[in-house]
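# Secondary and tertiary structure notes
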Amino acid sequence: MPLRRSSSRPSMTRLLNRMRARGPKEVVTLSGHRLLEFLHSEDRIIFFALALQSPMPQRPAPPDSTFRRATPEDATAYARDIGTDSEETFCARLSDDTRCYLVVAGPLIVHATWVTTSEAWTRELRRYFKPPPGEAYIYESFTRAEARGQGAYPFALGAIAEDLASDGIRRVWVGVEAGNTSSIKAVRKAGFEPGFEITYKRRLGRLAVSRPRGPLAPQCAKCLVRSRHGGGQISA
């Protein structure tokens, strides 16, 4: 779920990087899934939340792995190993309110997750998620195939929570499709609990989105907006 909608040239660059990093089979499979989703799809996104405190409980690191916040010096490795950005677009995305965190094994980035206190584009809902003041949103997490099943994602989530708590962030959010059982298991392992959920339906590209439902829906009533300036939110 990229932070901003891209023009055609950066999108093509990202596609080529993705093919190099993940192989054409995964890219073709994803493209087919996106086409079917555009034609006819129905799903739920569950937005999980975690109240932060310091120190946060930590999960064990995967074998021979380390965790750290990304810097512009990671641009080449990110483009090579994760593939969703070129070196240029990776550096452009890093800012005071948007970070990327990495799990690294030797010379290889095996997991990457983005975090923002500003806004992130939610492709499925065609809206931006804008966390409330003093809170943050986790998105665009990816684990390489060779590192899956080793706990990289819950480990990263716990380490991210610790880093954000030390910066005074009070709560962090993450959105997961209801059918993505492996990601739901990972976020639950990291201590996240369901905050609210939204159902969406798409027919030939026409999108219908339900109102948020769940215990934290009132606290995040203005989190999902159509524009980056905050207009057109979904009412709780």
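Here goes a summary of the coordinates provided.

Cut-offs and rules
- Residues numbered from 1 in each chain as written.
- Predicted model: local features only at pLDDT ≥ 70, side-chain atom pairs only at ≥ 80, totals over all residues.
- Heavy atoms only, no water.
- Helix = DSSP H or I, 4+ residues; strand = E, 2+ residues; numbered from the N terminus.
- Buried < 20%, exposed > 50% of the residue type's maximum accessible area, 1.4 Å probe, protein only.
- Phe/Tyr/Trp six-rings, centres within 6.5 Å; stacked < 30°, edge-to-face > 60°.
- Arc of directions from axis to C-beta.
- Polar contact = N/O pair within 3.5 Å; in protein donor to acceptor, adjacent residues only side chain to side chain.

Despite not being glycine, aspartate 64 shows a phi value in the positive range, around 55 degrees. Inspection of the secondary structure puts aspartate 64 in the loop between β1 (40-51) and β2 (66-69). Classification of aspartate 64 as exposed rests on a relative accessible area of 74%. Located in the positive-phi region is arginine 126, a residue other than glycine, with phi close to 55 degrees.

Once that is clear, we can look at the packing of aromatic side chains. Going through the model one piece at a time under the given rule, you end up with 12 aromatic pairs. Where phenylalanine 47 meets phenylalanine 196, the ring centres are 4.8 Å apart and the plane angle is 20 degrees; that geometry is what we call stacked. Residue phenylalanine 47 is located in strand β1, and its partner phenylalanine 196 is located in strand β9 (residues 193-203); the two are separated by 149 residues in the primary sequence. We note that phenylalanine 47, like phenylalanine 196, is buried. Relative to tyrosine 137, the ring of phenylalanine 129 lies with its centre 4.1 Å away and its plane at 15 degrees, an arrangement referred to as stacked. For the pair shown, phenylalanine 129 and tyrosine 137 are each scored as buried. Of the aromatic side chains, those joined through ring pairs into one cluster are Phe47, Phe129, Tyr137, Tyr139, Trp173 and Phe196.

Let us now look at helix α6 (residues 181-189). For α6, the set of buried residues is Ser183, Ile184, Ala186 and Val187. Projected down its long axis, α6 carries its buried residues within an arc of 160 degrees, all on one side. When the buried face of α6 is taken as reference, the exposed residues oriented beyond 90 degrees from it are Thr181, Ser182 and Lys185. The positive-phi residue at the C-terminal boundary of α6 is glycine 191, with phi of around 100 degrees.

With that out of the way, let us pick up the side chain of aspartate 85. Among the structural elements, aspartate 85 can be located in the loop between α3 (75-81) and α4 (87-93). Under the relative-accessibility criterion, aspartate 85 is labelled buried at 0%. Looking at aspartate 85, its side chain comes within polar contact range of the side chain of threonine 89, at 2.7 Å. Within the structure, aspartate 85 has its side chain in polar contact with the side chain of arginine 93 (distance 2.5 Å).

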